[in-house]
Amino acid sequence: GENVEQHPSTLSVQEGDSAVIKCTYSDSASNYFPWYKQELGKGPQLIIDIRSNVGEKKDQRIAVTLNKTAKHFSLHITETQPEDSAVYFCAASPNNDMRFGAGTRLTVKP
Amino acid sequence: GAVVSQHPSWVICKSGTSVKIECRSLDFQATTMFWYRQFPKQSLMLMATSNEGSKATYEQGVEKDKFLINHASLTLSTLTVTSAHPEDSSFYICSAGGGAVNSPLHFGNGTRLTVT
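Residues numbered from 1 in each chain as written. Chains lettered and ligands numbered in written order. Predicted model: local features only at pLDDT ≥ 70, side-chain atom pairs only at ≥ 80, totals over all residues. Heavy atoms only, no water.

Visitor: I'm lost on the interface of chain B and chain A in this one. Help?
Guide: Interface size is often expressed as the accessible area that is lost when the parts come together. Contact residues are listed per partner, giving 20 residues for chain B and 23 residues for chain A. Summing both sides of the interface, chain B and chain A together bury roughly 1600 Å²; the carbon and sulfur share of this comes to 50%. On the surface where chain B and chain A come into contact, there are 1 salt bridge. The residue Glu59 of chain B makes a salt bridge to Arg99 of chain A at a minimum N-O spacing of 3.4 Å. Taken together, chain B and chain A are joined by 5 residue pairs in polar contact (both at pLDDT 80 or more). (Contact = heavy atoms within 4.5 Å. Buried area = accessible area lost by both parts, 1.4 Å probe. Salt bridge = Lys/Arg side-chain N within 4 Å of Asp/Glu carboxyl O. Polar contact = N/O pair within 3.5 Å; in protein donor to acceptor, adjacent residues only side chain to side chain.)

This is the structure we're talking about:
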């Protein structure tokens, strides 16, 4: 089955700086890659996703890149704000069998 | 956007009792829902896939007789933790998709279960 690895496990940045979270996947059949943000005591919320026919997608301060050849994808958050502090999960899905990375705890210091 | 409602948000029960958690898709129909367990500071562990009108598919190592799943309609799936023990204390989360292949999953807000 699919195996998703996520790095780093924790990330601390100063407000206004950029944050980058990286994930790799193992199953070349994976063709859908969402990113979720989970705040304390809540369920994960979808923040952005990308499909395998696209190399990059951007939504305001958030962008995701995908390298299918290398089987890795990344989340980029620019101009970070304290409210971006949360746990972020990447996921990869070959035909609806979605598997999650271990998560990255992002702390944005004011 | 798609909304998934999960109830209760937290529950405390005594050892040996059973607890039912509900997961509803409010504005879309979900033929498939997923149940996860999350330990503190860890990722989401898929427990089972709930299929409307048929038996759930459990992940390896998950006791189907302990974690009963029922998906009686296109908008409701329930997870019942039977004969709960303190080691069942955890955060349980459900999710549902829009039905199309590789459509986004939308999560409920989770249920914090504490077994005393």
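Visitor: Before we go on, may I ask you to explain the sheet that holds strand E3 (residues 19-25) of chain B in this structure?
Guide: Pairing between the strands of a sheet comes from backbone hydrogen bonds, and it takes one of two forms, parallel or antiparallel. All names here are of chain B. The 4 strands lie next to each other as E1-E3-E8-E7, forming an open sheet whose pairing is antiparallel. A single partner strand is all that each edge strand has here, and the edge strands are strand E1 (4-7) and strand E7 (67-73). The mean inter-strand angle of the sheet, taken between neighbouring strand axes irrespective of direction, is 15°. Bridge analysis of E7 against strand E8 (residues 76-81) gives 5 bridges, and the strand direction is antiparallel. Residue pairing across strands places Ile69 opposite Leu79, the latter belonging to E8. (Pairing = 2+ DSSP bridges. Helix = DSSP H or I, 4+ residues; strand = E, 2+ residues; numbered from the N terminus. Axes fitted to C-alpha atoms, helices over the stretch in contact; angles between N-to-C directions.)

Visitor: Whenever I open this one, the environment of Ala56 of chain B confuses me. Can you help?
Guide: Residue and element names in this part refer to chain B. Mapped onto the fold, Ala56 is located in the loop between strand E5 (44-51) and strand E6 (57-58). Its relative accessible area of 16% is what places Ala56 among the buried residues. A C-alpha to C-alpha distance of 10 Å links Ala56 and Trp35, two positions 21 residues apart in sequence. (Buried < 20%, exposed > 50% of the residue type's maximum accessible area, 1.4 Å probe, protein only.)

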